[in-house]
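# Coordinate analysis (summary)
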Amino acid sequence: MSAPKPRGASWWALFRQWLRNPLQIAAIAPSSRELALLAKGIRGNGLLVIELEEELHEHLRRRFPAVRVALGDARDLQAIGQRCGFLAEGPADAIISGLGLLAMPLDTQRAILSEAFACLRPGGRFIQFTYGPQPPVAESVQQALGLAVHRGDFVLRNVPPATVYVYERAV
Ligand SMILES: C[S@@+](CC[C@H](N)C(=O)[O-])C[C@H]1O[C@@H](n2cnc3c(N)ncnc32)[C@H](O)[C@@H]1O
């Protein structure tokens, strides 16, 4: 197995894909360590990572060999989670999303959020970061799915700075 790639390679991999497809990639730089999970002590084998773009998927697979990285669409999250055995261990506690939701049509946003909550345990959270000033999920989608939201941390040390939003099923 090849050695994990250095972080500079991640910048280049993401930037190159952004040049090809800015709306899908929706970021010119990878998330900073301050937005990251593995560095905060989450076990690699407790994670399932989904990436739609083939080259980025391959890059992530090599860079994080201890993590399951699936090539697929977040709209198919349940099927992907079942296929790779992740959901056989029970529903997920949380989903962390760096998807460019604001650039997506509302029906895509809704399909992704709906799949996500179908994979989460009761009380599970969908955590989304965004670069813009407004919440990343349209209010109509939030209401249609019966979700509550609260604003989390603002992460200045990210390019660009990001705000974290946490979505849960409203009680
Ligand atoms: C803003 S970038 C975040 C990249 C990386 N997760 C990070 O935080 O540095 C959004 C990523 O979501 C991927 N993406 C876009 N639509 C997707 C979808 N429907 N399913 C899975 N991944 C998708 C893009 O290819 C891109 O790599």
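This text goes with the structure placed above it.
Attention in this report is confined to the structure presented alongside it. (Residues numbered from 1 in each chain as written. Predicted model: local features only at pLDDT ≥ 70, side-chain atom pairs only at ≥ 80, totals over all residues. Heavy atoms only, no water.)

What follows covers the pairing of strand β5 (residues 147-155). Pairing analysis gives seven bridges linking β5 to strand β6 (residues 162-169), with the strands arranged antiparallel. Residue pairing across strands places Ala148 opposite Glu168, the latter belonging to β6. (Pairing = 2+ DSSP bridges. Helix = DSSP H or I, 4+ residues; strand = E, 2+ residues; numbered from the N terminus.)

Where helix α3 (residues 54-63) is concerned, the buried positions are Leu56, His57, His59 and Arg63. Projection of α3 onto a plane perpendicular to its axis shows the buried side chains occupying an angular sector of 160 degrees, all on one side. Where α3 begins, the side chain of Glu53 points an oxygen toward the backbone nitrogen of Glu55, at a separation of 3.0 Å. (Buried < 20%, exposed > 50% of the residue type's maximum accessible area, 1.4 Å probe, protein only. Arc of directions from axis to C-beta. Polar contact = N/O pair within 3.5 Å; in protein donor to acceptor, adjacent residues only side chain to side chain.)

As a further point, take the pairing of strand β4 (residues 120-130). Inspection of the sheet shows strand β3 (residues 92-97) paired to β4 by five bridges, in the parallel sense. Within β4, the residue paired with Ile96 across the bridge is Ile127. In terms of handedness, the path from β3 via helix α5 (residues 106-119) over to β4 forms a crossover that is right-handed. Where β4 meets β6, five bridges bridge the pair, whose relative direction is antiparallel. Bridging from a neighbouring strand, Ile127 pairs with Val166 of β6. (Right-handed = clockwise from strand over helix to strand, strands pointing away.)

With that out of the way, let us pick up the packing of aromatic side chains. Both the distance between ring centres and the angle between the ring planes are used here to describe each pair of aromatic rings. Scanning the entire structure with this criterion turns up four aromatic pairs. Seen from their ring centres, Phe117 and Phe126 are 6.4 Å apart, and the 40 degrees between their planes marks the pair as tilted. Each member of the pair, Phe117 as well as Phe126, is classed as buried. Among the aromatic residues, those joined into a cluster by ring pairs are Trp12, Phe15 and Trp18. (Phe/Tyr/Trp six-rings, centres within 6.5 Å; stacked < 30°, edge-to-face > 60°.)

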